[in-house]
Amino acid sequence: MSFDETALHLNIRPPQPRCHAPLYALAALALTILPPIAAADELQLQEVIVTATRRAESESRVPISMTALTQAAMDDRGIKNFTDVARFTPGVTIDGGVGSTNSITIRGIGSSGGAGTTGIYIDDTPIQIRGIGFGPDDTLPETFDLARVEVLRGPQGTLFGAGSEGGTVRYIITQPSLTTTSTYVRSELSTTEGGAPSYEAGVAHGGPIVNGVFGYRADIWYRHDGGWIDRVDPFTGQTVDSNANHGGTFMGRLAAIWQPVSGLTITPSVIYQDRKFNDTDGYWPILSNPDNGRFVSGNPDRRPVPDKYYLPAVKIEWDLGKVQLISNTSYYHRDEQGGYQGTIYNLGYFQTFNWPGGLSSTALPFLDQSLYPLIDNNGVHLPQTLWGYRSPATITNDQTNWTQEIRLQSTDPQSRLSWTVGAFWSLDREKSIEEINDPMIDTFFMTAFGVTGTGPDGFGYPLLPNGDDYYNLNIGYDRQLAGFGQATLKLIDGLSATAGVRVSKTSFTSSHYADGSQNFGPGYGSGAASETPITPKFGLQWQINDANMVYATYAKGFRIGGANPPLPPACGADLATLGISGEPETFKSDSTQSYEVGAKDNIANRVRLDSSVYYIRWNGIQQNVYLPGCGLQFTGNFGQAVSKGFDFQGDFLLGGGISLQATVGHNSARFTATSPESIVVDGDAISGFSGAPSPWTASVGAQYAFAVGEHASFIRLDYEYRQRNHLFTAQEDPNSSQYNPNTFTTPTTHFASLRLGTNVSDWDIQFFIDNLFDTHVTTGYSQSDADYANPNGSPPPLLYDVMTYRPRTYGIDVLYHGH
């Protein structure tokens, strides 16, 4: 079966006849039970209290383009993770590739290397990861027992520091109470067409132990996600692991609040999350038939993804009359293991040795030319004696963040001047270990080339004692010390001016050790970089009346520079081709400057609108540069870019129990200059780990509220659209030195879900269908190595590993909100 790019560009397809019955049954049930429509007056726009400016304010009064979703709003939409949050948030994308990095792009600001461009916070603790090796992978906490998720669009460098140059995502967890007892329960049972069942159960409970003095909140939650991709032996076709991409997540939390004296509260807490997946969500189109619900992977290596973290923290709040002192102390520790298709990578890499100038000074011709190609778009081709060949690749990321922040801020709502000043300190340590375990390398090379892979005619270096032929260890330390302040002055009634600045002292040090035959033997290195970035913010806000506000903002963001591991001499030819002389030892910080105008309007408490337009300049962009000859990469500052567009979100009460939520985002993010090395080209799309961002995104959620007897009920339909970016990325542009003719931008996507719910006392029961139309469009992919100079003429077509949405899933949620 042949496979080409057209096969990847699968678009939305109507449900197959086999799937109609459940949809018709649900529609018939809805039509049967729908009573006369509810009175419009029963529906009200809900105001969300947020802390985007580090003080509690109504979202409609905050001069920031943002989306805030409460736990109740997420439950009504079936949001379970940040991928779901992004569907309802304009201007936001998340990495969808196989072995994805969870990298978040906001307003087109995302890159393939260096530190993260989006700040990620759990309460007041930053948890985003820096890329010090291959495959950095951010933690995205699960959405259980959250007060809300806040997505702040645009640079937030003044109040949230390094890494928030595109925006900030904040997970605000429900806090313990000194006066109120509350309980939250969420459970689910669902089944995926062609896959295994999923389920979850969790309970959160808290309240006062000594009223007004001491209280607590405790959470425990577990979710199992059933798999739907079978993994088969690539040589025999026999299934070795049914529904292989299953996994589970456990989360536990305990928090307390103590008020020893009036005005002083101390809130210690600890969170633990343990996520284990048996295999990734990638499948091989050559083996699969998505139209018939069959998804199959022929990857010889199972790729488990264990990921756990714990976060103890202590927050102290002390009301001192017209000012408040806030301290947050935290320690974040994470252990995660990812990887890539090591056997597939090695086979693609090794078959490129078959020409002069390849691995060694002379070619390594195959003993039997029929062995070529080892891998192509029809799968893996090895003689039966090598069917057992495996070289799994793993990437281990360890992360520890020590954080201390102290803020002093005004609390008098009648004062013309409100202000916040603070100091921030952090010490982040990250360790990345990339390794390929290849104990059969000599057997493989003898069969294919007649030489040993570790001998003088091969790589020339022995295997490591554990069987690794590639080992890369990087350890990095980020240190930050910053002072910041922001003040808002009421100039006249309704008109306010905001000014703020953050001055940071940052430093980064790293050490590196490499070994193994594929790494050209042992090597050591170290690096250091330090800077003093300044991130100001200025803004004007005009509160026209209680219902309407407009604002204009200038803000700057940055992310810290760093150091590269040393490259072996084998990479010298690649660097020379790029015109780079000397070792690229360090790279600098980059920065964004954003200009934004926005408005927040409430019309008769029936329509609420949040709109903004923006223009962002991005300079000295940190980018990963791949060196195909030696198979390694480095990070450097290449190019400048402009990102511009608008965001819109609205809530509408249409009457008769009908409400509507809608978002629209437009973004154009492209380079404005060609770098001397042609690593980036003027006019190309900015491309991060998640590829080029969608130029147009939109979502619509329509909900009809009605009553069944005395029980409040609803039926809801949600739809999301993301347009394919038609601009070239550097990998797609023949004028770029990073050009790879086998890459492409993922196509336009559509996703829909349906929910039907009712309330019985404090219990909510919801029936749902996710991926309503069972679309299986490609959302991300990886590819085998390319052979551009093979002995038989044209290079073989590549093998692709692709991702798509989970197939249509039916389920029931049961939720409880009580006291």
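Relevant structure appears above.
Described below are features of the structure shown in this document. Note that the structure is a prediction, hence the values are computed from the model and not measured. (Residues numbered from 1 in each chain as written. Predicted model: local features only at pLDDT ≥ 70, side-chain atom pairs only at ≥ 80, totals over all residues. Heavy atoms only, no water.)

1. Remarks on the sheet that holds strand β7 (residues 125-126)
Here is step 1: Sheet architecture is open: 5 strands sit in the order β3-β8-β9-β6-β7, paired in mixed fashion. If you trace the sheet from one side to the other, it starts and ends with β3 (66-70) and β7, each paired once.
Here is step 2: In the sheet, strand β6 (residues 118-122) pairs with β7 via 2 bridges, with the strands oriented antiparallel. Residue pairing for β7: Tyr121 is matched across the bridge by Pro126. (Pairing = 2+ DSSP bridges. Helix = DSSP H or I, 4+ residues; strand = E, 2+ residues; numbered from the N terminus.)

2. Describing the pattern of salt bridges
Here is step 1: Evaluated as defined, the whole model comprises 38 salt bridges.
Here is step 2: Across the salt bridge formed by Asp145 and Arg217, the nearest N and O atoms sit 3.0 Å from each other. Linking Asp145 in the loop between β7 and β8 (146-153) with Arg217 in strand β12 (residues 214-225), this pair joins segments that are 72 residues apart in sequence. The burial state of Asp145 is the same as that of Arg217; both residues are buried.
Here is step 3: Between Arg231 and Asp279 there is a salt bridge; the shortest N-O distance is 3.5 Å. Here Asp279 lies in the loop between β16 (264-277) and β17 (296-297) and Arg231 lies in strand β13 (residues 230-232), a separation of 48 residues in the sequence.
Here is step 4: Of the residues examined, Arg231 reaches a relative accessible area of 12% and is grouped as buried.
Here is step 5: By sharing partners, the salt bridges in this structure join Asp75, Lys80, Arg186, Glu188, Glu200, Arg223, Asp225, Arg755 and Asp813 into a single network. (Salt bridge = Lys/Arg side-chain N within 4 Å of Asp/Glu carboxyl O. Buried < 20%, exposed > 50% of the residue type's maximum accessible area, 1.4 Å probe, protein only.)

3. Points about the pairing of β8
Here is step 1: In terms of residue burial, β8 counts as a mostly covered element, since 7 of its 8 residues are buried.
Here is step 2: Pairing geometry for β3 and β8, over 5 bridges, is antiparallel. Bridge assignment links Thr70 to a residue of β8, and that residue is Arg148.
Here is step 3: One ladder, built from 7 bridges, connects β8 with strand β9 (residues 167-173); its direction is antiparallel. Directly across from Leu152, in β9, lies its bridge partner Thr168.

4. With respect to helix α7 (residues 441-448)
Here is step 1: Every buried residue of α7 is accounted for by Ile441, Phe444, Phe445 and Ala448. Buried positions in α7, seen along its axis, are confined to an arc of 95 degrees and lie on one side of it. (Arc of directions from axis to C-beta.)

5. Let's talk about unusual backbone geometry
Here is step 1: A cis amide bond links Tyr372 to the next residue, Pro373, at an omega of 0 degrees.
Here is step 2: Positionally, Pro373 belongs in the loop between α6 (342-350) and β20 (375-376).
Here is step 3: One non-glycine residue with positive phi stands out, namely Ser761, at about 60 degrees.
Here is step 4: As for its placement among the helices and strands, Ser761 is situated in the loop between β39 (749-760) and β40 (763-770).

No statement about biological role is implied by the geometric values presented.
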